[in-house]
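Chain residues, written in single-letter form:
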Amino acid sequence: MFNNKFFIFLLLFSVLANSLVFAQIPLDKNAKISILTCEEGNELYSIFGHTAIRIQDASNDLDVVYNYGTFDFATENFYLKFIKGDLKYFVTANPYNEFFYEYTIENRSIYEQRLNLTTAQKQQLFDALNKSLLTDEKYYTYRFIHRNCTNMVVDKINQTLGQNCIVKTTEKGKTYRQILFPYVKNHFYENLGINIMFGEKVDEDGKKLFLPNQFMESLKVAKFNGKPIAEQPRTILKATPQAPEKSLWNNYYSFCLIFLLIVISRKIWIYLSYFAIIGLLGIFLSLVGIYSFHEEVAYNYNVLLFNPLLLVLIFCFFTKKFIWVQRIAQFSLLMLALLVIILVNKPNIGMFLPMIICSGILLFYFLRKSKRKLLPPIK
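This structure is a prediction, so every number in the text was calculated from the model and none was measured.

Cut-offs applied
- Residues numbered from 1 in each chain as written.
- Predicted model: local features only at pLDDT ≥ 70, side-chain atom pairs only at ≥ 80, totals over all residues.
- Heavy atoms only, no water.
- Pairing = 2+ DSSP bridges.
- Helix = DSSP H or I, 4+ residues; strand = E, 2+ residues; numbered from the N terminus.
- Axes fitted to C-alpha atoms, helices over the stretch in contact; angles between N-to-C directions.
- Contact = heavy atoms within 4.5 Å.
- Salt bridge = Lys/Arg side-chain N within 4 Å of Asp/Glu carboxyl O.
- Buried < 20%, exposed > 50% of the residue type's maximum accessible area, 1.4 Å probe, protein only.
- Phe/Tyr/Trp six-rings, centres within 6.5 Å; stacked < 30°, edge-to-face > 60°.
- Lys NZ or Arg CZ within 6 Å of the ring centre and 35° of its normal.
- Parallel < 35°, antiparallel > 145°, perpendicular 65-115°, else oblique.
- Nonpolar A, V, L, I, M, F, W, Y, C, P; charged D, E, K, R; others polar.

Comments concerning the sheet that holds strand E4 (residues 88–95)
Read from one edge to the other, the open sheet built from seven strands follows the order E6-E4-E3-E2-E1-E5-E9, with strand pairing classed as antiparallel. In this open sheet, the two strands that pair with only one neighbour each are strand E6 (139–141) and strand E9 (234–237). Taking each pair of neighbouring strands and ignoring which way they run, the sheet shows an average axis angle of 30°. Where strand E1 (residues 32–38) and strand E5 (residues 110–114) come together, five bridges link them in antiparallel fashion. In the sheet register, Ser34 faces E5, and the bridge partner there is Arg114. Strand contacts of helix H4 (residues 119–134): E1, strand E2 (50–57), strand E3 (62–70) and E4, with the helix running at about 55° to E3, the strand carrying the most contacts. Of the strands in this sheet, E1, E2 and E5 are in contact with helix H8 (residues 212–221), which crosses E1 at around 135°.

Following this line, the structure appears as structure tokens:
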């Protein structure tokens, strides 16, 4: 037992000592600093790509990659913290070889843009990165658009240059929703979930530079004192081309089939179950909009479809208050019409139409039957 404790003490002391020495390294004038842009992955957390900083200094036998997009799944109450918006992300530094190997395994391309910095600027950026590693700056509260692995790196470089030289130059005139939509085109249900969760904020003009590819394109033309900040990107890892995976269920057609089967079932218990599910989802969206610090989920007009009043309709049905079934159905139909008007110029209108049409048909059914007091018992 004593030996194990002594070994752990030596290990921790060694790590701390190495970190302190690492932070005090004076970079050679020939040291190189570059931005690494990684292609999108298949997992939801990697679907938008990744940004990192690489520092190479042969004289100090240094080749390290700094990441601002690290999180720990083992964090207590991980999902609750992620939903609320107080999940702590942190910066890490890893050997370049490990970084390269990870992306080789994941079959994701890496592009490198070498920064044209002076020796003093390189040292300043290097020291700033190490300060982030060794102080309270290591941890930051993640925000999907305003504080992520990309704009944290952008801020560090702009701070080093002393001015906001790197700004978004691509996809002008597009909203955040329009910018994000193509990234998940091959992941239908993930795309659907994102568009259900996101509210009015993501329909604003997407002025913020927040995605890795945006950063790479903007860095191509960014200048400091009239000179390019970075060289043109070069490919240092080329992914093997693969045909897009085709899923039998994760697609628009299976989604449409679900709602078609609901409508043609002619089973009132299925209709009521559908209303219960989307009504509960509406309560969830409403509460998340209040509870979460994520601005993207606030003012979510999707509650016009995921209408909590449908739970009241179910209650009125069971208590045979048909006049209220009729009124709630009428009001809910008006809410669906308003939602269609809101969505008419948005990229997600197509994916929402099956749900809107299904809800409209079922509400019309309850409206017609309640007027005649002909709603059948549950079977």
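Quick notes on the pattern of salt bridges
What the rule picks out here adds up to ten salt bridges. Ionic pairing is found between Glu112 and Arg54, a salt bridge with its closest N-O pair at 3.2 Å. One end of the pair, Glu112, is in strand E5; the other, Arg54, is in strand E2, and 58 residues separate them in sequence. In this structure, Glu112 and Arg54 share a single accessibility class: buried.

With respect to the packing of aromatic side chains
Tallying each qualifying case throughout the model produces 25 aromatic pairs. A centroid spacing of 6.4 Å and a plane angle of 55° characterise the contact between Tyr68 and Tyr140, whose relative ring orientation is tilted. Of this pair, Tyr68 sits in strand E3 while Tyr140 sits in strand E6, and the two are 72 residues apart along the sequence. For the residue pair Tyr68 and Tyr140, the accessibility class agrees, reading buried in each case. Centre to centre, the rings of Tyr189 and Phe255 are 6.1 Å apart; their planes meet at 75°, and the pair counts as edge-to-face. Linking Tyr189 in helix H7 (residues 188–197) with Phe255 in helix H9 (residues 252–265), this pair joins segments that are 66 residues apart in sequence. For Tyr189, a relative accessible area of 21% puts it in the partly exposed group. A cation over an aromatic ring shows up here: Arg54 above the ring of Tyr96, its NZ or CZ 3.5 Å from the ring centre. In this structure, Arg327 is placed above the aromatic ring of Trp324, and the distance from its NZ or CZ to the ring centre is 4.9 Å.

Quick look at unusual backbone geometry
Positive phi outside glycine occurs at Glu171, with the angle close to 50°. With respect to the secondary-structure elements, Glu171 resides in the loop between helix H5 (149–161) and helix H6 (176–180). Accessibility expressed as a relative area gives 28% for Glu171, which makes it partly exposed.

Side note on the packing of H7 against H9
Two numbers describe how H7 lies on H9: the axes approach to 9 Å, and their chain directions differ by 65°. Relative to H9, the element H7 is oriented roughly perpendicular. Contacts between H7 and H9 involve Phe188, Tyr189 and Leu192 from the former and Tyr252, Ser254, Phe255 and Ile258 from the latter. The residue inventory of the contact of H7 with H9, partitioned by class, reads six nonpolar, one polar and no charged.

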